[in-house]
Amino acid sequence: MPIKVCTWNINSIRLREDSVCRLLLEENPEVLCLQECKSPEDKIPTEKFSQLGYKYSIANGQKGYNGVAILSKLPLREIDRKDFTNLNHARHLAVNVDNKINIHNFYVPAGGDIPD
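Overview of the structure.

## Notes on the sheet that holds strand E2 (residues 31–35)
Strand order across the open sheet formed by 4 strands is E1-E2-E4-E3, with mixed pairing between neighbours. Lying at the two open borders of the sheet, with one neighbouring strand each, are strand E1 (5–9) and strand E3 (56–60). Strand after strand, the sheet turns through a mean of 10° between neighbouring axes, direction not considered. By the bridge criterion, 5 bridges tie E3 to strand E4 (residues 68–72) in an arrangement that is antiparallel. Considered in E4, the bridge of tyrosine 56 is made with serine 72. Against the sheet, helix H1 (residues 17–27) makes contact with E1, E2 and E4, and its axis sits at roughly 155° relative to E1, the strand it touches most.

## A look at the environment of arginine 77
By the secondary structure assignment, arginine 77 is in strand E5 (residues 76–80). Spatially, the C-alpha atoms of arginine 77 and asparagine 102 are 9.3 Å apart, while their sequence positions differ by 25 residues. Setting aside residues up to four positions removed in sequence, arginine 77 forms contacts with Ile58, Ala94, Val95, Asn96 and Asn99.

## Concerning the nonpolar core
Formed by 15 residues in total, the largest nonpolar core has its most connected members in Ile13, Val20, Leu24, Leu32, Leu34, Phe49 and Leu71. Elements with a minimum of two residues in this core: H1, E2 and E4. Looking at this core element by element, the count peaks at 3 residues for H1. Discounting residues that sit within four places of it in the chain, valine 20 has contacts with Trp8, Ile10, Leu32, Phe49 and Leu71.

## Describing the layout of surface pockets
Taken as a whole, the largest pocket spans an internal volume of roughly 150 Å³. Along the wall of the largest pocket there are 11 residues; nearest its centre are Phe84, Thr85, Arg91, Tyr107 and Val108. A breakdown of the residues in the lining of the largest pocket according to their chemical character gives 5 nonpolar, 2 polar and 4 charged.

## Here's the deal with the sheet that holds strand E7 (residues 101–106)
Strand order in the open sheet made by the 3 strands is E5-E6-E7, with antiparallel pairing throughout. Edge positions in the open sheet fall to E5 and E7, since each of these has one partner strand only. Each adjacent strand pair in this sheet contributes to an overall mean axis angle of 30°, direction not counted. Where E5 and strand E6 (residues 92–97) come together, 4 bridges link them in antiparallel fashion. Counterpart to arginine 77 in the pairing with E6 is asparagine 96.

Calculation rules
Residues numbered from 1 in each chain as written. Predicted model: local features only at pLDDT ≥ 70, side-chain atom pairs only at ≥ 80, totals over all residues. Heavy atoms only, no water. Pairing = 2+ DSSP bridges. Helix = DSSP H or I, 4+ residues; strand = E, 2+ residues; numbered from the N terminus. Axes fitted to C-alpha atoms, helices over the stretch in contact; angles between N-to-C directions. Contact = heavy atoms within 4.5 Å. Core = buried A, V, L, I, M, F, W, Y, C linked by side-chain atoms within 4.5 Å. Buried < 20%, exposed > 50% of the residue type's maximum accessible area, 1.4 Å probe, protein only. 1 Å grid on protein atoms, 1.4 Å probe; cavity = no way out; pocket = protein on both sides within 12 Å on 5 of 7 lines; lining within 4 Å. Points joined across faces, edges and corners; volume = space filled by probe spheres on them. Nonpolar A, V, L, I, M, F, W, Y, C, P; charged D, E, K, R; others polar.

Following this line, the structure appears as structure tokens:
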């Protein structure tokens, strides 16, 4: 069974909640990976997404310029979250989708004076 996966650097999930809903309705992916959510996990809005059929979500949230989240119509199980840069930045989340496929969601910032 094919699984449609979309990914989007959302640049604030709370400010763009309605845009996420529109993308979910128009593209209808089974899984949506979001980066730069800029939100602690407990502040990520999930009610509207759940009403659209995306009942499963896992986030590695952080206030500021980081944070990743995965929304899914299919069951999710977290496998890992890594801090590759040792900066305590929430930039990675790995999940298993429906016991079929593993997905790694990364936020890799562009630019900056010193690469990390």
